[in-house]
Each structure stands twice: as C-alpha cells, then as structure tokens.
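Next come the chains, spelled out residue by residue.
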Amino acid sequence: MKKTYTILLLIIFALQLNAKNIQAYLSYATFHSPTDGSYIETYLSVLGSTVKFIQNTNGKFQATVQISMVFRQNDVLKDFKKTDLLSPEIDDTSKVDFTFMDQQRFPLPDGDYEVEIQILDKNKANARPYSTTESLSISYPRAKINVSGIELVESYKAAAETKSILTKNGYDLIPFTINYYPKLINKITFYAEVYNTDTILKADEKFLVYYYIEAYETGKTISDYYKFKKESPKNVIVVFNEFDILNLPTGNYNLVIEVKDKDNKSLASNKMFFQRNNPDAQLKLQDLAAVDITNTFVDNITNIDTLKDYIKSTYPISTQIEKTFAENNIKLSDTKTLKQYFLNFWINRNAIDPEKAWKEYLAEVKKVNKSYSTFIKRGYETDRGRVYLQYGAPNNITSVSSDPSAYPYEIWHYYSLANQKDRKFVFYLPDLVTNDYELIHSNANGEYYNPSWQMQLNKRDTPTHDPDKTKGYDYFGGKADDYYNHPH
C-alpha cells in the first residue's frame, strides 16, 4: 500500500472528517481573555458538494449538518454543545461549489482534555454520525509570558459596530480551516495574541515579537520568511500579519511566533504546522556550486554506491525539496555534485560540526537496518524505520501478534513529539510473513491519518465495504482499541 507522507488531505490541527457523503475540516485555536479566562475556538467548514440539499419552506434548497462537540477531562464532562449548521439557501443543486462554516467558542479552564466531535448530514436518510477524538491542552499561567494558539485566516475586513464571534481587535476574521496551502494560494495570513508581558517585564522594557516560517524537519528558519516588531509591555499584544508564500517550496513547515527580550533570550513561543504544495519551486544544481568538499568527511567517501545509499538513508529526515532533488539527481548527477549535496545537507543541520551530525545519524540508521530490514528493503526504507529516524525511539511499543481477528500490529506511543503531545503510530503486517509492517494510522502532524484503521486491521477475516464504519467489530480477545487509547 503506497502512502504519501508530505502532502495529505488530512493535516493535524485541521482534522478531516470524511464519511461516505460528507467532507468537513475542523481546526481550532486556544486563547485567553484577561476578564473571562481561557477558551477554545473551533472552526469547521463543510464542502457543499458532499452534503445533501433538500427544499425548505422558502422553496429554496438547503443542507443541514448536525455538529456535536464534547469536552471531557479525566472522563468527566466539562462542556457540550450540539448545533445544526445550515448552508446558504440556493435555487439550483446541479452545481454546488462552495463551503459553509461554523465557529464556536468554549470557555475551559487550563488543563488537558479529550475532545469528541460528531458530524452528521441530517438530510441523508439512515445516516450515521461520524466521530473522532482529539487530545487538547490549554495552559496560560499568569506567572509567565504566553503565546496563544495561531488562527489561520482566509480573509478579513474591518468589523462593524456590532461585534460577532468572528470579531477580534477591530477585524472580522474568516478562518482558514485547513493548514494545507496548494499552489493557487500564495499568502498565509495569521492571528495570535501574546499575554502577560506587562506583569513579567518592566514597564519601560522593550522586547521583540518575531514571526517566521521554519522547516518542520530541521527547525531551520527559511530565508525571506522572517519578520519582527518591537513592542512595549501590555496585557494583550495582537499579532496579525501575513507572508507571501509564492516562492515557498513544497514541504512541511511550522509557522512560529516567538517573544524575545533585549538580550535575544526566548521568553515564549508557539508554532503551527502547515503544508505547502508548490512544485514550481525546486532546489537547483547551481545552488550547490559553492559547496567545497575538499578535506571534508564527504571527500573520503570513495564508493559511489555507498554515497547513494547514505543519501537515501537521509530521506526520513529530509525536507520535501531535499528529497525531491536527491531522487531526481541520484541517478543522473556526477559524484562531485552528490557529495556537494550530501555535505550541504549536514551543514544545514549542524554548521559547526556536520561530520558529527552525520555520524550520530548513521548510528541510528544502523539500528533500524538491523531491526526493520526485509529481504528487499533496507530498514530506513520501511515505515517503522522511517518513523524511528524521523522522530526517535517511541516511549512505548505495544506489539501484538495473536489478536484473534487482526493482522499482527504494533502501536508506538510518543508522550511528546516536537510541540505535540500524546502522538501514536499504528503499524500492521498484512502479508503475515515479512518484517515490513505498514503504517495505517497516526495522529501526528503531517502523517497518514486513517479513522478506519481498526477496520483495516481486522480485515484479516472480516472484510467490510462500509465507509461509514470506523471501528472493527467486537471480538473476544480483540484489544486494539484499548491499546491505542490506553497504551500499556
């Protein structure tokens, strides 16, 4: 089964809810009000062409989507809301080419929550609701400077005198509900807030608020995508800006907002993952022409096949533009160009000692080659090898080979992953023979999200053709759901 890891329809922080005849995108951001406390805003958009329109009492056609959101903390219900989202009224259903959206606000004290979202097309006969669950953490302590969640903005205008739920600091903001930017969208606009600078810093103490784009894989700031503004302490500081991403290459990125003092010490930061698809922007051979490999560790690699294998082994930690360049040139370029590329790759990760960075990584490559290789794949080419090299060793692995209905599977649990918490990866072995476990689901940023992973896992003896069903049937001894939600 071939999977794409870099550009996916699902991007975490924008959960894709995709049932048989409905497609919707949910994103969220948390904020803090000095008067009312912490809260979460949810932004949900529904693709009009995927829901059913029926004639209403006005003689127009309209869709109705029921949205339920449940917030629990330690299995205790903290908030709940069920709403009916109505689409615009239309005269003709032959061509529905718009989305319609819902925005909600939930006051929640700081803490960790489980959020269950259900969505249902009420006009579809015998429809079952689609549900998904996501972990959420809210933390705005008064004893430190905080940066709110980051709201991506599709469009904005000056607010009217009467404020609405869309209004923030004089503007009505229309949220951009997915964090995937295709070639046709060449601007990323964002809104966030900085809290408590007036209580932590002196009244006359200047500081800087930076906003920039960094490569997700390396954390390196991308040239030309870096701005800052000098600020004075206030209760709330608004960050409302945008970047032109016309020339930003295809890849995985973080949009970062960071507060630094006059000594360049970081005081607070937050980041949001997003993906860009821009095939016109590519790494070019001339960009490597100035890289001098003389008397470097790369100059000592004399076997071209070894060099190519080394380059391929870096794919799990490569940016998309690096991987695309390597794949396109590994068969065509001369040895010198490949050496220049390989040295430049490690300079970008450790400019002071690139050789050390490479040797440390090579040690990890040898580990995954020993543990996860198959008869036809090196360990770094397998899904488990790729995840291990990209994210490091998981905190916990649940390995199951004797579930009565399921294929052999493993669930990897990371307590924290970059700025994410409680991230999981599910691998399974559909051929029952090799060591090539395939990734069938993850809730980590940019990974393969599959709400029907349990159905796929149990296809060993129970095939199903129902796309609305997301969990396997209940089997004696089947524990995949329990292992996933409560790692052992």
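Residues numbered from 1 in each chain as written. Predicted model: local features only at pLDDT ≥ 70, side-chain atom pairs only at ≥ 80, totals over all residues. Heavy atoms only, no water.

What about the overall build of the chain?
Defined as follows: Secondary structure elements follow DSSP: runs of H or I of four or more residues count as helices, runs of E of two or more count as strands, with numbering from the N terminus. All radius of gyration figures rest on C-alpha atoms, and the globule criterion is 2.2 Å times the number of residues raised to 0.38. Exposure categories follow from relative accessible area, calculated using a 1.4 Å probe and restricted to protein chains: below 20% of the type maximum is buried, above 50% is exposed, and the middle band is partly exposed. Residues are treated as being in contact if the distance between any of their heavy atoms lies within 4.5 Å. Throughout, the Shrake-Rupley method with a 1.4 Å probe supplies accessible areas, and for residues the shown protein chains are the sole cover considered.
Broken down by element type, the chain carries eight helices and 25 strands. Rg of the C-alpha trace for the chain: 24 Å, near the compact-globule value of 23 Å for 488 residues, within the 12% margin. Overall, the C-alpha framework of the chain stretches about 75 × 70 × 45 Å when taken along its three principal axes. Burial analysis of the chain (488 residues in total) assigns 52% to the buried set. In the chain, the share of contacts with a sequence separation of at least 24, taken over all contacts with a separation of at least 6, comes to 62%. Carbon and sulfur atoms make up 48% of the accessible area of the chain, which amounts to about 23900 Å² in all.

Quick notes on the side chain of Thr189
Stated formally: Side-chain atoms alone can form a polar contact between residues adjacent in sequence; in general such a contact is a pair of N or O atoms within 3.5 Å, and within protein one must be able to donate a hydrogen while the other accepts it.
Structurally, Thr189 is set in strand E16 (residues 187-195). Judged by relative accessible area, which is 5%, Thr189 ranks as buried. There is a polar contact of 3.1 Å between the side chain of Thr189 and the side chain of Glu242. Those residues in contact with Thr189 that lie beyond four places of it in its chain are Glu151, Leu152, Val153, Tyr156, Phe240, Asn241 and Glu242.

Digging into unusual backbone geometry
A positive phi is found at Asn196, a non-glycine position, where the angle reads about 75 degrees. Position of Asn196 relative to the elements: it lies in the loop between E16 and helix H1 (197-200). One non-glycine residue with positive phi stands out, namely Asn264, at about 70 degrees. Looking at the secondary structure, you find Asn264 in the loop between strand E20 (251-260) and strand E21 (266-276). The class of Asn264 is partly exposed, set by a relative accessible area of 46%.

Focus on the pairing of strand E6 (residues 64-73)
We apply this condition: When DSSP locates at least two bridges between a pair of strands, those strands are taken to pair.
Counted residue by residue, E6 has nine buried out of ten residues, so it is predominantly covered. Note that E6 and strand E7 (residues 76-86) share ten bridges and pair antiparallel. Note on E7: the bridge partner recorded for Gln73 is Val76. In textbook terms, the turn of a hairpin is the stretch between consecutive antiparallel strands, and for E6 and E7 this stretch comprises two residues, one of which, Asn74, has a positive phi near 55 degrees.

Overview of the nonpolar core
How we decide: Note on terminology: a nonpolar core comprises buried Ala, Val, Leu, Ile, Met, Phe, Trp, Tyr and Cys residues joined through side-chain atoms within 4.5 Å.
Of all hydrophobic cores here, the largest spans 42 residues; its most connected members are Ile311, Phe342, Trp346, Trp412 and Phe425. When residues of this core are traced back to their parent elements, those giving at least two are helix H2 (304-313), helix H3 (320-329), helix H4 (335-347), helix H5 (354-372), helix H6 (383-391), strand E23 (409-417) and strand E24 (420-428). Top contributing element to this core by residue count: H5, with seven residues. Residues contacting Phe342, with those up to four places away along its chain left out, are Phe297, Val298, Ile301, Leu307, Tyr310, Ile311, Thr314 and Trp358. Counting residues in hydrophobic clusters, the runner-up holds 36 residues, among them Phe100, Val115, Ile117 and Val153.

A short note on the confidence of the model for the chain
Rules: Note: pLDDT gives the predictor's confidence per residue, expressed from 0 to 100.
Of all residues in the chain, 91% attain a pLDDT of 70 or more, and the chain-wide mean is 88. Confidence drops under a pLDDT of 50 for residues 1-19, and excluding neighbours within four residues, the segment shows 81 contacts in the predicted structure. The low-confidence segment residues 473-477, where pLDDT is below 50, has ten contacts with residues more than four positions distant or belonging to other chains.

Structural notes on the sheet that holds strand E10 (residues 130-138)
Strand pairing in a sheet takes place through backbone hydrogen bonds and is either antiparallel or parallel in direction. We count it as follows: The angle between two axes is taken between their N-to-C directions and runs from 0 to 180 degrees, where each axis is a line fitted to C-alpha atoms and a helix contributes only its stretch in contact.
Read from one edge of the open sheet, four strands run E7-E6-E9-E10, paired in antiparallel fashion. Looking at which strands have only one partner, the edges of the open sheet turn out to be E7 and E10. Here the strands of the sheet are splayed against their neighbours by 20 degrees on average, with no regard to which way each runs.

A few points about the packing of aromatic side chains
Selection criterion: Aromatic rings from Phe, Tyr and Trp, with only the six-membered ring used for Trp, were paired whenever their centres fell within 6.5 Å, and each pair was classed as stacked if the ring planes differed by under 30 degrees, edge-to-face if by over 60, and tilted otherwise. Here, a charge over a ring is recorded when the distance from Lys NZ or Arg CZ to the ring centre is within 6 Å and its angle to the ring normal is within 35 degrees.
Taken as a whole and judged by the stated rule, the model has 37 aromatic pairs. Their ring planes at 80 degrees and their centres at 6.2 Å tell us that Phe53 and Phe98 sit as a pair that is edge-to-face. Within this pair, whereas Phe53 is found in the loop between strand E3 (37-47) and strand E4 (54-55), its partner Phe98 is found in the loop between E7 and strand E8 (99-107), the two being separated by 45 residues in sequence. Given a relative accessible area of 21%, Phe98 falls into the partly exposed group. When the centroid spacing of 6.3 Å and the interplanar angle of 20 degrees are considered together, the rings of Tyr310 and Phe342 count as stacked. Highlighted residues: Tyr310 in helix H2 and Phe342 in helix H4, separated in sequence by 32 residues. Members of the aromatic cluster, each reached through a chain of ring pairs, are Phe297, Tyr310, Phe325, Tyr341, Phe342, Phe345, Trp346, Trp358 and Tyr361. One residue, Lys227, lies across the ring of Phe243, its end atom 5.0 Å from the ring centre. Over the aromatic face of Tyr484 sits the side chain of Lys424, whose NZ or CZ is 4.7 Å from the ring centroid.

A word on the packing of H2 against H4
Geometry of a packed helix pair, given as the angle between the helix axes and the separation of the axes. Note the following rule: By convention, the crossing between two helices is left-handed when the near helix turns anticlockwise from the far helix through less than a right angle, and right-handed when the turn is clockwise. Residues were grouped as follows: Ala, Val, Leu, Ile, Met, Phe, Trp, Tyr, Cys and Pro as nonpolar; Asp, Glu, Lys and Arg as charged; and all remaining residues, including Gly, as polar.
Two numbers describe how H2 lies on H4: the axes approach to 11 Å, and their chain directions differ by 35 degrees. H4 is crossed by H2, and the crossing has left-handed handedness. Across the interface between the two elements, Ile304, Leu307, Lys308, Tyr310 and Ile311 from H2 touch Thr335, Leu338, Lys339, Tyr341 and Phe342 from H4. Considered class by class, the residues forming the contact of H2 with H4 number seven nonpolar, one polar and two charged.

So, the sheet that holds E21
Taken in spatial order, the five strands line up as E15-E21-E20-E17-E18 in an open sheet, and their pairing is mixed. Strands with a single pairing partner mark the edges of an open sheet, and in this sheet they are strand E15 (180-181) and strand E18 (221-231). Sheet analysis places strand E17 (residues 207-215) next to E18, joined by seven bridges and oriented antiparallel. Its bridge partner lying in E18, Glu214 is registered against Thr221.

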